[in-house]
Amino acid sequence: MSWFLNKKVWVTGASSGIGKALAQELAQQGASLVLSSRRQDVLEQLKSTLNNPEQHMVVPLDLERYDALAEIVNKTLPATGQIDILINNGGISQRELAMDTNIEVDRKLMDINYFGTIAMCKAILPDMIKRRSGSIVCVSSVAGIMGTQLRTGYSGSKFAVHGYMEGLRAELHQHGIQVLVAAPGYVNTDVALNAMNGNGQAAMLKDQNNLDGISPKECALSLMQAIERGKHEVIIGKGVSRIAPWIKRLSPALTRHIQRKYTDG
Ligand SMILES: NC(=O)c1ccc[n+]([C@@H]2O[C@H](COP(=O)([O-])OP(=O)(O)OC[C@H]3O[C@@H](n4cnc5c(N)ncnc54)[C@H](OP(=O)(O)O)[C@@H]3O)[C@@H](O)[C@H]2O)c1
């Protein structure tokens, strides 16, 4: 019997890539899902293909409009009863040099990847704290551990998630709530197509590193294993992107060399 059977899981960014794979695998293992992102039609279509579609709900939301998230969560919770696991997966990347990136793009990266994430946590946590149970999960990135060229604003937004969650984990320990930050390396999704260029338009890049990365399903299954095992942090991936965080701990000089070498995008 799966550990996820009958768990209520809210997945943001469920319309594509890692979030979609999470939805498929979680539903397969008997979880009831709240599926969120901006594109309601895509989420409805996904829901209809999942195991036990009647068990799942579609709740469209825009993480950039983080002021509206508390109301959306408060309207949804009575229908779900509770949320056992919140997976903050929705996000957007960047492919542009820092000096060619409009500061509004840097702000948008922070709004979606950081403020959208913490607003979801603030809205869902009171119920978890009352029940003394739950898991807060964030899909960060290896770029949130190691600054990466062409993704300065993206790296900044994901580093911020790591710092926030480290403090939140300490605060929530007494309430029995897990805080897990996952740092995937390259995963074969549309992340580079959807990433913003310096003007905030979709970069529409086919990034070979992503194409050569692990599948969204592999990423989803590794993340689910880390949730089940009660982990605090997990690095997911293969090749350089998997070992880079370890290299950073061991050798800052080698890390700077790798950072200068990786100019892909
Ligand atoms: N792929 C990788 O190599 C990789 C590596 C490390 C970390 N990550 C992280 O993994 C997460 C998922 O990315 P992915 O690779 O699966 O990319 P993706 O295929 O582009 O999916 C991104 C998801 O985020 C949602 N999203 C984007 N902006 C949003 C907004 N303003 N409000 C609500 N939802 C929004 C999108 O849905 P809508 O368009 O329907 O809103 C989509 O479901 C991201 O946080 C990303 O930073 C990815």
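The rules behind these values
Residues numbered from 1 in each chain as written. Predicted model: local features only at pLDDT ≥ 70, side-chain atom pairs only at ≥ 80, totals over all residues. Heavy atoms only, no water. Pairing = 2+ DSSP bridges. Helix = DSSP H or I, 4+ residues; strand = E, 2+ residues; numbered from the N terminus. Contact = heavy atoms within 4.5 Å. Axes fitted to C-alpha atoms, helices over the stretch in contact; angles between N-to-C directions. Parallel < 35°, antiparallel > 145°, perpendicular 65-115°, else oblique. Left-handed = near helix turned anticlockwise from the far one by under 90°. Phe/Tyr/Trp six-rings, centres within 6.5 Å; stacked < 30°, edge-to-face > 60°. Buried < 20%, exposed > 50% of the residue type's maximum accessible area, 1.4 Å probe, protein only. Lys NZ or Arg CZ within 6 Å of the ring centre and 35° of its normal. Nonpolar A, V, L, I, M, F, W, Y, C, P; charged D, E, K, R; others polar. Near = heavy atom within 4 Å. Polar contact = N/O pair within 3.5 Å; in protein donor to acceptor, adjacent residues only side chain to side chain. Areas by Shrake-Rupley, 256 points an atom, 1.4 Å probe, with all protein chains shown as cover.

I'd love a proper account of the sheet that holds strand S4 (residues 85-88), names of residues and values included.
If you trace the seven strands from one edge of the open sheet to the other, you get S3-S2-S1-S4-S5-S6-S7, paired in parallel fashion. The open sheet has two edge strands, strand S3 (57-58) and strand S7 (233-236), and neither has a second partner. Packed on one face of the sheet, helix H8 (residues 216-228) meets S4, strand S5 (134-139), strand S6 (177-184) and S7 and runs near 150 degrees to S6.

Talk me through the packing of helix H4 (residues 103-131) against helix H5 (residues 152-172); I want residue IDs and the actual numbers.
The geometry of H4 relative to H5 is characterised by a closest axis approach of 8 Å and an angle of 20 degrees between their N-to-C directions. When the axes of H4 and H5 are compared, the pair comes out roughly parallel. Handedness of the H4/H5 crossing: right-handed. On the side of H4, the interface is formed by Asp 106, Leu 109, Met 110, Asn 113, Tyr 114, Thr 117, Ile 118, Cys 121, Lys 122, Leu 125 and Ile 129, while H5 contributes Gly 153, Tyr 154, Gly 156, Ser 157, Lys 158, Ala 160, Val 161, Tyr 164, Met 165, Leu 168 and Leu 172.

For the packing of aromatic side chains, give the residues involved together with the corresponding values.
Applying the stated criterion across every chain yields a total of four aromatic pairs. The interplanar angle of 25 degrees and the centroid separation of 5.3 Å between the aromatic rings of Tyr 66 and Phe 115 together place this pair among those described as stacked. Of the two residues, Tyr 66 is situated in the loop between S3 and helix H3 (69-80) and Phe 115 in helix H4; the sequence distance between them amounts to 49 residues. Residue class for Tyr 66 comes out partly exposed when judged on its relative accessible area of 27%. Its relative accessible area of 31% is what places Phe 115 among the partly exposed residues. When the centroid spacing of 4.9 Å and the interplanar angle of 70 degrees are considered together, the rings of Tyr 114 and Phe 115 count as edge-to-face. Its guanidinium or amino end placed over the ring of Trp 3, Lys 7 lies 4.3 Å from that ring's centre, counting from NZ or CZ.

Lay out the packing of H3 against H4 in plain terms, naming residues and giving numbers.
Running from N to C, H3 and H4 cross one another at 35 degrees; their axes reach a closest spacing of 9 Å. Along this stretch, H3 crosses H4, giving a crossing that reads as right-handed. Packed against H3, whose contacting residues are Leu 69, Ala 70, Val 73 and Leu 77, the element H4 presents Gly 116, Ala 119, Met 120, Ala 123, Ile 124 and Asp 127 at the interface. Along the lines of polarity and charge, the residues of the contact of H3 with H4 split into eight nonpolar, one polar and one charged.

Mind laying out the site of the ligand, listing which residues take part and the relevant values?
Taken together, 31 residues are adjacent to the ligand, and Ser 15, Ser 16, Arg 38, Tyr 154 and Thr 189 come closest. In the environment of the ligand, an oxygen atom lies 2.8 Å from a nitrogen or oxygen atom belonging to the side chain of Arg 39. At 3.3 Å from an oxygen atom of the ligand is found a main-chain nitrogen or oxygen belonging to Gly 91. Protein coverage of the free-state accessible area of the ligand, which is 880 Å², stands at 96%. Residue assignment for the shell around the ligand shows that the elements contributing at least two residues are helix H1 (17-28), H5 and helix H6 (191-194). A breakdown of the residues in the shell around the ligand according to their chemical character gives eleven nonpolar, 14 polar and six charged.

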